[in-house]
Amino acid sequence: MIEVEMPSRYDASQVEAKWYGRWEAAGLFKESPGPGKVPYTITIPPPNVTGSLHMGHALCYPLQDLLGRYYRMRGRDVLIVPGQDHAGISTQVVVNKKLKAEGTSAVEIGREAFVEKVWEWRHESGDTILRQFRELGCAFDWDRSRFTLDDHYANAVLKVFIDWFERGIIYRGKRVVNWDCVLQTSVSDIEVERKTVKGHLYHIRYPFVDGSGDVVIATTRPETMLADVAVAVHPSDGRYEGKVGKLLRLPLLNREIPLIADIYPDPEFGTGAVKITPAHDPNDYAVGVRHGLDMPVVVDPKGFMTGDVGPYAGLDRREARKRVVADLEEQGFLVKVEDHEIALLVSERSGEVIEPLLSEEWFANQSELKMGAIEAVESGKVKFTPERYTKVYLEWMENLHDWNISRRLWWGHRIPIYYDAEDRPYAALSWEEAQKKAGDHKIVRQDDDVLDTWFSSGLWPFVVLGWPDQTPELASRYPTSVLVTARDIIFLWVARMIMMGLDQVGRIPFEDVYVYATVLTEDGKRMSKSLGTGVDPVSIISKFGADALRFALFSQTGFNQEIRYGEKKAEEARNFCNKMWNAARFTLMNLDGYTGETPESLDTVDRWLLSRLAKCEQRVRKSIEGYDIQEGAQALQKFFWDDLCDWYIEVSKSRLLDPGQRKAPQWVLMKAFDAYLKMLHPYMPFISEELYAQMPLPNKSAYLMAAPWPADLTVDETAESRIERLFEITRGIRALRAEVGLAAMKPVDTVFIEGDLGGGESIIASQAWAREIRGGKPLEGVFISSSVADVDVHLPVEGLVDPEKERQRLAKELEKAASDHQKLTVKLGNPQFIERAKPEVIEKDRESLAALDDLKAKLESRIKLFGG
């Protein structure tokens, strides 16, 4: 063996700290156009500027890096554009907390100063997550990094708003929105959490004005009855025949409201009657629109009762509920109160219960925009993986509602609407442009709201490539190749990017949508810092390395939509790194005399390994191109651990020590490492680059990252068949050894084999730890036997085991087998079990009984063999 400079132990921190800067300095993150090179482009989902790395990020962004590294090695012109989203609500919350700690507030310092404070925070702390992406090995072109409030980006956003406003797509109107009483703004569906809590269902009697009886409704929010404008029943509900159109008296406020017929109530649920409060419930709002009902608001934006609500005016909504219930009971309108589980919407940012509230906001009509986005997916121009999300997307698009695009915030893209003294609106890029449009009417103010973050991020794939300018990047790289995204933003982001891309650029924004899995805790819980179930990826990287974290996640990421992470997964991946490191060191130490020249001939086992390598490449390539990432990870691990280390290296050790035989296994090992490290690189970029640098490979690239994908691998089914048979026989001998407790690697003198081995005696002998493989059957002495791969194997054990101890051990096994056999026999003889059990359960038990029959016979034979 020769000395190698490679450290004896793998240290992820040393290896991973070395390579990222070198790749970047070498310009490997840049696009590399050339004759015939097809662009491959990803514009990453822009993480929030407030963000820090969590486990979802640790999967999402390395997945994009994996795709980029793979297609770069496949000869594509790869560009991955990074960037960040300004994250209006979450950023404003962060800076508000900072101001509070300083003893002031946004209101005190004013809008302009507040925005300056946010920009200061953004420059100081806003790039944390991008630095963490580097730790994960993400090869993104950082010089192209974009921010959704950069001047160019902001102008593009305003241009789209103005275009839609002038086309009548954008309008201002009143709709029921998700209102956060703490943040004082509406929030999108993705910014709320659904929680089930214990509450009450209040049954309230609404009497008819003419004294002919009453209608009982049930509600979980009795305080909103103060804004009731009707009670509705289904037209088919016979209980209310002849009553629809009559007037009811609203309890407490003594207001008259009609009983109406509408398709919304479910006649099978309760009394079939529901109170209609259009300003405080989205379903009730739809009923109100259909029937032209009034829509009084009784909860103000801060959560206090307002309007014509008598003695309840000014009360907090929670206090108002208590007072309303007490008064209903006192006045005889409360029929009963039941315990009831309530599904609440809670603001993700403030923790406040969402108030459905009729609010005047800016909306975008999506009825026309959605048609092209539906066709793009139906026709296959945009493909979802897993494919089941195609149906999810299309069902949602068919029932699309107008989009609330405004937020009552200061941080974000301020809505480019300017008003004159008569409150006439003008859409413009600036005050000056608005004044030109207004002519003699003086502009007096700009709209205070900002745009929903999802509006600006909907333009991401084309604005980061230069739109609205017709740049070379936009011409050659749009549509982009793939979007890697989470399932919970298919509607709020993916659908809107497709709609906005088709509308503004005239083309789809991406060809593939890969929906990656959600990372759960080891026991299947949602990861959350607030719940104490979060796992910090940075700490995992510090302990096990980025490669280990990547592989731990990739090895579970296929078409499944939930994966479970436990530290053991990262530890196992780190151990895999150790295995590769040690195997590489062993190979380097056994390269004495290696020249890189191709050997004149290869043994069958050499051709077997190269064939296994070729099949591994096929699996890895197919898995990445089909987004079944775990299939590739499993193929890589199986080849290296099983084929290369457990079999080929072990078989080749004696050949490597022989100067006359070492040339072929040295060449095969180098070829295998060359191809394998290239396949491994997208999954584990750091250790693969380090090992590649250590290897004396012919025609080696300056960096593995820039090397071509392996292409000269050949499958040899004949060699595989022959060697696999020899290994099967070897495993049979090892099983016999294990039966009598012979330690692995402890040599036995002789193993007898009846049958043709095809010249593989030396392989079997070395791997079954036998000094000699002899043909035929022993003529004397104690031996145990088995049949495997068309041969009979006989292992002499006389002198190797204590007959008495072996009889006792076998007797215990036989006793247990007999007991299990008896239990199963009784179970299968029970008519009730046969009648009630599933057929597959019965069949499985019958198979187990047959296996126990065989085991009993085998154990009885073994006991006789040892004199029992």
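Residues numbered from 1 in each chain as written. Predicted model: local features only at pLDDT ≥ 70, side-chain atom pairs only at ≥ 80, totals over all residues. Heavy atoms only, no water.

(A) Geometry of a negative patch on the surface. Together, Glu-112, Glu-116, Glu-120 and Glu-124 give the surface a local cluster of negative charge. Within the fold, Glu-120 resides in helix H5 (residues 111-125). In this structure Glu-120 comes out as partly exposed when scored by relative accessible area, which is 44%. (Patch = residues over 30% accessible without salt bridge, like charges linked within 9 Å, V, L, I, M, F, W, Y side chains within 5 Å. Areas by Shrake-Rupley, 256 points an atom, 1.4 Å probe, with all protein chains shown as cover. Salt bridge = Lys/Arg side-chain N within 4 Å of Asp/Glu carboxyl O. Lys, Arg positive; Asp, Glu negative; His and termini not counted. Charge placed at Lys NZ, Arg CZ, Asp CG, Glu CD. Helix = DSSP H or I, 4+ residues; strand = E, 2+ residues; numbered from the N terminus. Buried < 20%, exposed > 50% of the residue type's maximum accessible area, 1.4 Å probe, protein only.)

(B) Examining the pairing of strand E29 (residues 791-796) more closely. When strand E26 (residues 748-754) meets E29, the two strands line up antiparallel, connected through three bridges. From the neighbouring strand, Phe-752 faces E29, where its bridge partner is His-794. When strand E28 (residues 783-788) meets E29, the two strands line up antiparallel, connected through six bridges. Paired with Ile-784 across the strands is Leu-795, a residue of E29. Counting the residues that bridge the hairpin from E28 to E29 gives two residues, and of these Ala-789 lies at a positive phi of roughly 50°. (Pairing = 2+ DSSP bridges.)

(C) Structural detail: the side chain of Thr-480. Mapped onto the elements, Thr-480 comes out in strand E22 (residues 480-485). For Thr-480, a relative accessible area of 1% corresponds to the buried category.

(D) Just the sheet that holds E29, in detail. Read from one edge of the open sheet, four strands run E27-E26-E29-E28, paired in mixed fashion. What marks the edges here is a single partner per strand, and that holds for strand E27 (770-775) and E28. Taking each pair of neighbouring strands and ignoring which way they run, the sheet shows an average axis angle of 25°. (Axes fitted to C-alpha atoms, helices over the stretch in contact; angles between N-to-C directions.)

(E) Main features of the sheet that holds strand E6 (residues 185-187). Taken together, the four strands give an open sheet; going across it, the order is E6-E5-E14-E16, and neighbouring strands pair in antiparallel fashion. Looking at strand neighbours, the two that pair on one side only are E6 and strand E16 (403-404), the edges of this open sheet. Where strand E5 (residues 170-180) lies against E6, three bridges are found, and the strand directions are antiparallel. What sits directly across from Trp-179, in E6, is Ser-186. Where helix H8 (residues 282-291) meets the sheet, its contacts fall on E5 and strand E14 (355-364), and the angle it forms with E5 comes to roughly 145°. (Contact = heavy atoms within 4.5 Å.)

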